[in-house]
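A structural walkthrough
Letter by letter, the chains look like this.
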Amino acid sequence: MFLAEKGIEIPTVQVDLAAGEQRKPEFLALNPLGAVPVLELDDGTAIAESGAICRYIEAQHPEPPLWGRDPVTIARVEMWHRRVELKLYLAVQDAVRNGHAAFAGSGSGPNGEQKSEVAEAGKRDAEQFCDWLDQELGARRFVAGEAFSIADVALLAAVDFARLAKLRLREGRPHMGRWYDEVAARESAKA
C-alpha cells in the first residue's frame, strides 16, 4: 500500500512462509531473524522491517510525504506509527500466533507451542487499544492528523490481520468504522 501511494513499483520475490523459505540459508543471509519483509538493494544491502523499508523509500521518493513534511508532523506520524505497531499490531500478532491453527508451531511457548492465555491477552489488549483509538479518531480524519500517512497503512494492516483472531476491531467503534471505510476504499488498498 505504501508503494502504491508513492506511485512506484519495485521487483518482488514471494517468500513461502508456510514452506519455511524464510529459514533457508539464502534468506537468512539477508535477514538472520528469518522474517519478512526484506528490501535488498542493488549493492546487496538488506533492509528488514516494514518501517525501516518505508523510511528508505520515503527518502528516495519524498512525494507524497507519508512520514510528514515538517518536524512536528514527522514526529506525530512517527508517534502514531509506533503506537499502532507496538500497542495494536503486537497484540494482534500474539492473538493470531497463539490462537489460529495455521500458526501452530509459532506460538509464544518455548518450543513454539501456542498459549491460549497469550492469545486472550492479545485480544483484550487489541480491543482496549481500539476503544481508545476510536475516541482519538473522532477528532481527526486520519490516525496522525488530517493527512494520510504510514500510520494509516500500519493500522489498516493490523485491523485486517486481526480478522484471523476473529477480532472485528472496527465494529461498534464508529470513528474507526468511518476511518476504515475511507482508507480501505483508497486505490492503494488494493495493492
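In this convention, every chain numbers its residues from 1, walking through the sequence in written order. Per-residue local features of the predicted model are confined to residues with pLDDT of at least 70, and side-chain atom pairs are confined, for both listing and counting, to 80 or more; whole-chain, interface and lining totals are unaffected and use all residues. Values reported for side chains reflect all heavy atoms of the structure, with hydrogen atoms and water molecules removed beforehand.

Describing the nonpolar core
We count it as follows: For our purposes a nonpolar core is just a set of buried Ala, Val, Leu, Ile, Met, Phe, Trp, Tyr and Cys residues, chained together by side-chain atoms within 4.5 Å. When accessible area is computed with a 1.4 Å probe and restricted to protein chains, residues below 20% of their type maximum are described as buried, those above 50% as exposed, and intermediate ones as partly exposed. The helix count covers DSSP runs of H or I at least four residues long, the strand count covers runs of E at least two residues long, and both are numbered beginning at the N terminus. A contact between two residues is defined here by any heavy atoms of the two lying within 4.5 Å.
In this structure, Leu88, Val92, Val143, Leu155, Leu169 and Trp179 are the most contacted members of the largest nonpolar core, which totals 44 residues. If you list the elements that add at least two residues to this core, you get helix H3 (50-60), helix H4 (71-99), helix H5 (116-137), helix H6 (150-162) and helix H7 (174-184). When residues of this core are assigned to their parent elements, the largest contribution, 10 residues, is made by H6. Discounting chain neighbours no more than four positions away, the residues touching Leu155 are Val84, Leu88, Leu133, Val143 and Trp179.

Brief notes about the pattern of salt bridges
Basically, it comes down to this: What makes a salt bridge here is a side-chain nitrogen of Lys or Arg within 4 Å of a carboxyl oxygen of Asp or Glu, nothing more.
As enumerated under the stated definition, the model contains 14 salt bridges in all. Note that Lys123 is salt-bridged to Glu120, the shortest N-O span being 3.8 Å. Within this pair, Lys123 and its partner Glu120 are both found in helix H5, separated by three residues, close to a single helical turn. Here Arg163 and Asp160 are joined by a salt bridge, their closest N and O atoms 2.8 Å apart. Ionic contacts of the salt-bridge type, sharing partners, join the residues Glu127, Asp131 and Arg173 into one network.

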